[in-house]
Amino acid sequence: MPDRIRLMALIANGAVAAVFSLMALIVLISGHVAMAVMLLIVAATATFSLYVIHKAARVISELGSNIAQLEQRLVGLEQANPALPGAKNVPPRRQGRHISSGSKFEEEIGYSRAVAVGDDIWVSGTTGYDYSTMTIQPDVVAQCDQTFRNIAAALEQAGASLDDVVRVLFIVPDPKDWQPCWPVIKKYLGKARPASTLIHTALMSPEMKIEIEVTARRGSAA
């Protein structure tokens, strides 16, 4: 029973009991004994209703608390003993695998080149740095090619390839640099043909001319 409804019922019954008790006293003083007895009976009934409402609310509250505790215990029992009859299949929590490319940015900033959970792989935004030497070519086409090789290396560590890519985001600061990259993109993603988005905005440093972020699902290659 909601607290507000219970409070209103208690107030109403209390008021009824008080009014009828007062009326019984007035009638009794006036000498009408029979009428006073009837009014006292009504007052007593209202008072008893107060008691019943209070006890019922307490029982319902305790019952709800006991049911919640029982449900928690049953869930814990099912998780600990999945073979029990009627137990729900509670899948174990999947642990993410963090993949690094050796880039100094990952260590200094605090992120992974990719994270794999089950068959899903999320590759961070990747640029055209050669992470073995931490150098980058000035040409956008060369950067695009190196970027895909960096992504492919991360996917390979996760047991996947560029053919498993399902989503790609391109970030190209200069719109004029976009079309020269098309042949490189088709070379690496022509088979996967993932969903794609292009954004023109600045990157972390001027020498970065393209950044690519992909999402892959292992085994999705045609």
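The following refers to the structure shown. (Residues numbered from 1 in each chain as written. Predicted model: local features only at pLDDT ≥ 70, side-chain atom pairs only at ≥ 80, totals over all residues. Heavy atoms only, no water.)

**Re the environment of Gly118**
When you line up the elements, Gly118 lands in the loop between strand S2 (114-117) and strand S3 (120-126). The class for Gly118 is partly exposed, based on a relative accessible area of 30%. Sequence spacing of Gly118 and Arg97 is 21 residues, and the spatial spacing of their C-alpha atoms is 8.9 Å. (Helix = DSSP H or I, 4+ residues; strand = E, 2+ residues; numbered from the N terminus. Buried < 20%, exposed > 50% of the residue type's maximum accessible area, 1.4 Å probe, protein only.)

**Focus on helix H4 (residues 140-157)**
Here H4 contains 18 residues, and its C-alpha end-to-end distance of 26 Å stays within 8% of the 26 Å for a straight helix at 1.5 Å per residue. Where H4 begins, the side chain of Asp139 points an oxygen toward the backbone nitrogen of Val141, at a separation of 3.2 Å. Positive phi appears at Gly159, one or two residues downstream of H4, with a value of about 80°. (Expected span 1.5 Å × (residues − 1). Polar contact = N/O pair within 3.5 Å; in protein donor to acceptor, adjacent residues only side chain to side chain.)

**Here we look at the side chain of Glu211**
Note that Glu211 resides in strand S8 (residues 211-217). No salt bridge is formed by the buried Glu211; the nearest opposite charge belongs to Arg113, separated by 7.2 Å. Excluding residues that lie within four positions of it along the chain, Glu211 makes contacts with Gly125, Thr126, Thr127, Leu169, Phe170, Ile171 and Leu203. (Lys, Arg positive; Asp, Glu negative; His and termini not counted. Salt bridge = Lys/Arg side-chain N within 4 Å of Asp/Glu carboxyl O. Contact = heavy atoms within 4.5 Å.)

**Here's the deal with the pattern of salt bridges**
Considering all chains together, one arrives at 7 salt bridges under this definition. Between Asp145 and Arg149 there is a salt bridge; the shortest N-O distance is 2.9 Å. Highlighted residues: Asp145 and Arg149, both in helix H4, separated by 4 residues, approximately one helical turn. Residue classification places Arg149 among the partly exposed positions, given a relative accessible area of 43%. A salt bridge links Lys176 to Asp174, with the nearest nitrogen and oxygen atoms 3.3 Å apart. Residue classification places Lys176 among the exposed residues on the basis of a relative accessible area of 65%. Look at the salt bridges and you will find they share partners, linking Asp145, Arg149 and Lys187 into a network.

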